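Understanding the architecture of this molecule
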Amino acid sequence: MADQRPEPHDELERSRLLDMLSETVAGRILRTSAPDLGLAEHMPYPFLAMVGQTEMRTALLLSVINPAVGGVLLIGPRGTGKTTCVRSLTDLLPYVEVSLCPEGCLPFDVDAEGSPAVCPDCQRKLDAGEPISTYEPVRLIELPLNARLEDVVGGINERIAVQQSRVRLERGILARADQNLLYIDEVNLLDDPIVDAILDAAAQGSYTVRRGAMVGTYRSSFVLIGSMNPEEGRLRPQIMDRFGLRVPVQGLSDLAQRYEVYQRVRRYQTNRRKFVAEWASLTSAAHEEILFARELLKDTTLSEDAVEVGLALIQNLGIDSHRAEYVMFEAARAHAAADGRDVADVADIRRVAPMALRQRRSQFMTDYFNRQMEEDESIQTQIDALAGDSATD
């Protein structure tokens, strides 16, 4: 099968991706006329047309470049552009290998010894030299707030059961999100059973559905993106921990920027095709830079100073979770790759640390461990006293 992925840059060069988040650079495209490029009817607001909100846009880009970052949680009031920014990622997403099989078989399911872990149909195709997968753009899968558990994990296709008198399991939203982005708006309002299903899939990279005698196991390795308004309720700690980067999103304080938001949104609402076309050149360049950054990431390392400073920072902050340094270091590598560098240094740690480490300290756990230490000291004191009395006797 021919590899349909776009080729990265031929040689290492400084990336323009981070520079493209600058309003100065992005503004140039607005001053040039562009032809109607015949864009598809699905025309989300251009990612690079977002005004300000650099940390939010950077966090989303890092999660696209390096899925190991663990996703992004956007926290802020309504109307600050959280959902618009997430949906605008669709034109920047890279390519991923997807299965052509209903069972989700992929070529790498055959291990190094050649033992197959694919279905019989795919095994026959592989033996005949036929492809069982292809490359498609990563998709943004949205989980509706009113989704049922059966919609999320999958279940029996009731229409086929009634019309054809046969029972068949169908994949749910989590399975369709495999190797894609799973976006949950108002994530703090999800029902607990659905949160539990997402947590299980996110932790294992797969999940199993049992409906009577029928059992199906599906891949579900995805980048989790969520947004929430804290006024409407808190997020369970278990799912909060699954978001690698956390970004507070406030309304813009600069009056000129707020007026620029109004002008761009009005232009977008008046003529979406024209507005998207005006940003098409910059969007295409950013897409290419993301592909380059993903390739460069494979060879990107951490400098010794970055490791030393990062670990000392986590220790000084008193963060218990080992996921903290993993997220921070992976985000730093992605940040360096986005800037066209194959070594992440202290400057990258400085840039990503707030996003990776905020909201990871728990006063409850600090108080719990302090109480436990006091109790342990009391136990040891009693043991010493009793041992001393015994020795005297």
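The rules behind the values
Residues numbered from 1 in each chain as written. Predicted model: local features only at pLDDT ≥ 70, side-chain atom pairs only at ≥ 80, totals over all residues. Heavy atoms only, no water. Helix = DSSP H or I, 4+ residues; strand = E, 2+ residues; numbered from the N terminus. Buried < 20%, exposed > 50% of the residue type's maximum accessible area, 1.4 Å probe, protein only. Contact = heavy atoms within 4.5 Å. pLDDT = per-residue confidence, 0-100. Phe/Tyr/Trp six-rings, centres within 6.5 Å; stacked < 30°, edge-to-face > 60°. Salt bridge = Lys/Arg side-chain N within 4 Å of Asp/Glu carboxyl O. Expected span 1.5 Å × (residues − 1). Polar contact = N/O pair within 3.5 Å; in protein donor to acceptor, adjacent residues only side chain to side chain. Pairing = 2+ DSSP bridges. Axes fitted to C-alpha atoms, helices over the stretch in contact; angles between N-to-C directions.

Along the chain, Ser227 falls in strand β10 (residues 223-228). Here Ser227 falls in the buried class, since its relative accessible area comes to 0%. Discounting chain neighbours no more than four positions away, the residues touching Ser227 are Leu73, Leu74, Lys82, Thr83, Tyr183, Ile184, Asp185, Glu186 and Val187.

The next point concerns the confidence of the model for the protein. Here the protein shows a mean pLDDT of 80. Residues at 70 or above account for 78%. A low-confidence stretch, residues 1-6 stays under pLDDT 50, and its non-local contacts, those more than four residues away or across chains, total 12 contacts. For residues 24-40, every residue scores under 50 in pLDDT, and the model assigns this stretch 23 contacts once sequence neighbours within four places are set aside.

For the rest of this paragraph, the subject is the packing of aromatic side chains. Remark: the centre distance and the inter-plane angle together describe each pair of aromatic rings, the angle taken between the planes. As enumerated under the stated definition, the model contains five aromatic pairs in all. A centroid spacing of 5.1 Å and a plane angle of 80° characterise the contact between Tyr45 and Tyr268, whose relative ring orientation is edge-to-face. In this pair, Tyr45 is assigned in the loop between α1 (23-27) and α2 (54-65) and Tyr268 in helix α10 (residues 255-270), connecting sequence segments 223 residues apart. With 6.3 Å between their ring centres and 45° between their planes, Phe275 and Trp279 make a pair best called tilted. Residue Trp279 is classed as buried on the basis of its relative accessible area, which comes to 0%. Grouping aromatic residues by their ring pairs yields a cluster made of Tyr45, Tyr268, Phe275 and Trp279.

Turning next to the pattern of salt bridges. This model, assessed by the stated rule, comprises 15 salt bridges. Its salt-bridge partner being Asp196, residue Arg236 comes within 3.1 Å of it at the nearest N-O pair. Placement of the pair is Arg236 in the loop between β10 and α9 (237-240) and Asp196 in helix α8 (residues 192-204), with a sequence separation of 40 residues. Judged by relative accessible area, Arg236 falls into the partly exposed class, the value being 24%. Taking relative accessible area as the criterion, Asp196 reaches 39% and is therefore assigned partly exposed.

Okay, unusual backbone geometry next. Positive phi, normally seen in glycine, also occurs at Gln53, with a value near 50°. Relative to the elements of secondary structure, Gln53 occurs in the loop between α1 and α2. With a phi close to 65°, Gln179 is a non-glycine residue in the positive phi region. For Gln179, the location among the structural elements is in the loop between α7 (173-176) and β7 (181-185).

The next point concerns helix α15 (residues 346-357). Because each turn of an α-helix spans 3.6 residues, side chains separated by three or four positions in sequence point in the same direction. Between its terminal C-alpha atoms α15 stretches 15 Å, which fits the 16 Å expected from 12 residues at 1.5 Å a residue. On its buried side, α15 packs onto α2, β11 (245-248), α13 (304-317), α14 (323-338) and β13 (343-344). Residue Asp345 occupies the N-cap position of α15, its side-chain oxygen lying 3.1 Å from the main-chain nitrogen of Ala347. The first or second residue beyond α15 is Gln359, which carries a positive phi of 65°.

Another aspect to go through is helix α12 (residues 280-297). Helix length check: α12 (18 residues) gives 26 Å between terminal C-alpha atoms against 26 Å at 1.5 Å per residue, within 8%. The buried count for α12 comes to 13 of 18 residues, which makes it a mostly enclosed element.

Spatially, β4-β7-β10-β1-β11 is the arrangement adopted by the five strands of the open sheet, whose pairing is parallel. Single-partner strands in this sheet number two, and they are β4 (140-142) and β11. Taken pair by pair, the neighbouring strands of this sheet meet at an average axis angle of 20°, ignoring direction. Pairing geometry for strand β1 (residues 72-75) and β11, over four bridges, is parallel. Across the sheet, Leu73 pairs through a bridge with Arg246, a residue of β11.

With that out of the way, let us pick up the pairing of β1. On a regular strand, one side chain projects to one face of the sheet and the next to the other, so that they alternate. Going residue by residue along β1, you find Val72 and Leu74 tucked away on one face and Leu73 and Ile75 tucked away on the opposite face as well. In the sheet, β1 pairs with β10 via four bridges, with the strands oriented parallel. Directly across from Leu74, in β10, lies its bridge partner Ser227.

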